[in-house]
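Topology and contacts: notes
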Amino acid sequence: MNIYRLTRNDRWSYDDYDSIIVIAKDEKAAVNISPDNKPVNWSKPRPCWVDSPILLDVELIGTAKEGVVECCILASFNAG
């Protein structure tokens, strides 16, 4: 499993997440992890997060320990 940073490349504002850190097997799996760890349904708008995976920049930042599960481990939220 890898550790990825997902950063929004669209316009965000207050009460939005601007980035998250996730554990996932690959980039495709990483963009399907939401800040609240709920399954992503890209056909429905997501409050506080992007509406499409193409609005995310994905960066591999490390490797996770063996045995961890796919999830969001840190989220940056801009409270307003």
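Read on for an overview of the structure. (Residues numbered from 1 in each chain as written. Predicted model: local features only at pLDDT ≥ 70, side-chain atom pairs only at ≥ 80, totals over all residues. Heavy atoms only, no water.)

Oppositely charged side chains can form a pair if their charged atoms are brought close together. Taken as a whole and assessed by the stated rule, the structure comprises 3 salt bridges. Arg5 is the salt-bridge partner of Glu59, the closest N and O atoms lying 2.3 Å from each other. Within this pair, whereas Glu59 is found in strand 3 (residues 56–63), its partner Arg5 is found in strand 1 (residues 2–8), the two being separated by 54 residues in sequence. We classify Glu59 as partly exposed; its relative accessible area is 36%. Residue Arg46 pairs with Asp36 through a salt bridge whose shortest N-O separation is 3.5 Å. Of this pair, Arg46 sits in the loop between helix 1 (27–30) and strand 3 while Asp36 sits in the loop between helix 1 and strand 3, and the two are 10 residues apart along the sequence. With relative accessibility at 16%, the residue Arg46 sits in the buried group. Judged by its relative accessible area of 38%, Asp36 is partly exposed. (Salt bridge = Lys/Arg side-chain N within 4 Å of Asp/Glu carboxyl O. Helix = DSSP H or I, 4+ residues; strand = E, 2+ residues; numbered from the N terminus. Buried < 20%, exposed > 50% of the residue type's maximum accessible area, 1.4 Å probe, protein only.)

Turning next to the pairing of strand 2 (residues 16–24). With 8 of 9 residues buried, strand 2 is to be regarded as a mostly interior element. Pairing analysis gives 6 bridges linking strand 1 to strand 2, with the strands arranged antiparallel. Within the sheet, the bridge partner assigned to Asn2 lies in strand 2 and is Ala24. One ladder, built from 7 bridges, connects strand 2 with strand 4 (residues 71–78); its direction is antiparallel. Each bridged residue has a counterpart across the sheet, and for Ile21 the counterpart in strand 4 is Leu74. (Pairing = 2+ DSSP bridges.)

Okay, the sheet that holds strand 3 next. Each strand in a sheet pairs with its neighbour through backbone hydrogen bonds, running either in the same direction (parallel) or in the opposite one (antiparallel). Read from one edge of the open sheet, 4 strands run 3-1-2-4, paired in antiparallel fashion. The open sheet has two edge strands, strand 3 and strand 4, and neither has a second partner. Neighbouring strand axes in the sheet, compared pairwise and without regard to direction, differ in orientation by 20° on average. Of the strand pairs in this sheet, strand 1 and strand 3 are connected by 7 bridges, and their pairing is antiparallel. Pairing of Leu6 across the sheet is with Val58, part of strand 3. (Axes fitted to C-alpha atoms, helices over the stretch in contact; angles between N-to-C directions.)

Any aromatic ring pair is given by two values, namely how distant the centres are and how the planes are angled relative to each other. Counted under the stated rule, the structure contains 2 aromatic pairs. With centroids separated by 6.4 Å and ring planes inclined at 85°, the aromatic side chains of Tyr17 and Trp49 adopt a geometry described as edge-to-face. Of this pair, Tyr17 sits in strand 2 while Trp49 sits in the loop between helix 1 and strand 3, placing them 32 residues apart in sequence. Among the residues examined, Trp49 registers a relative accessible area of 4% and is labelled buried. (Phe/Tyr/Trp six-rings, centres within 6.5 Å; stacked < 30°, edge-to-face > 60°.)

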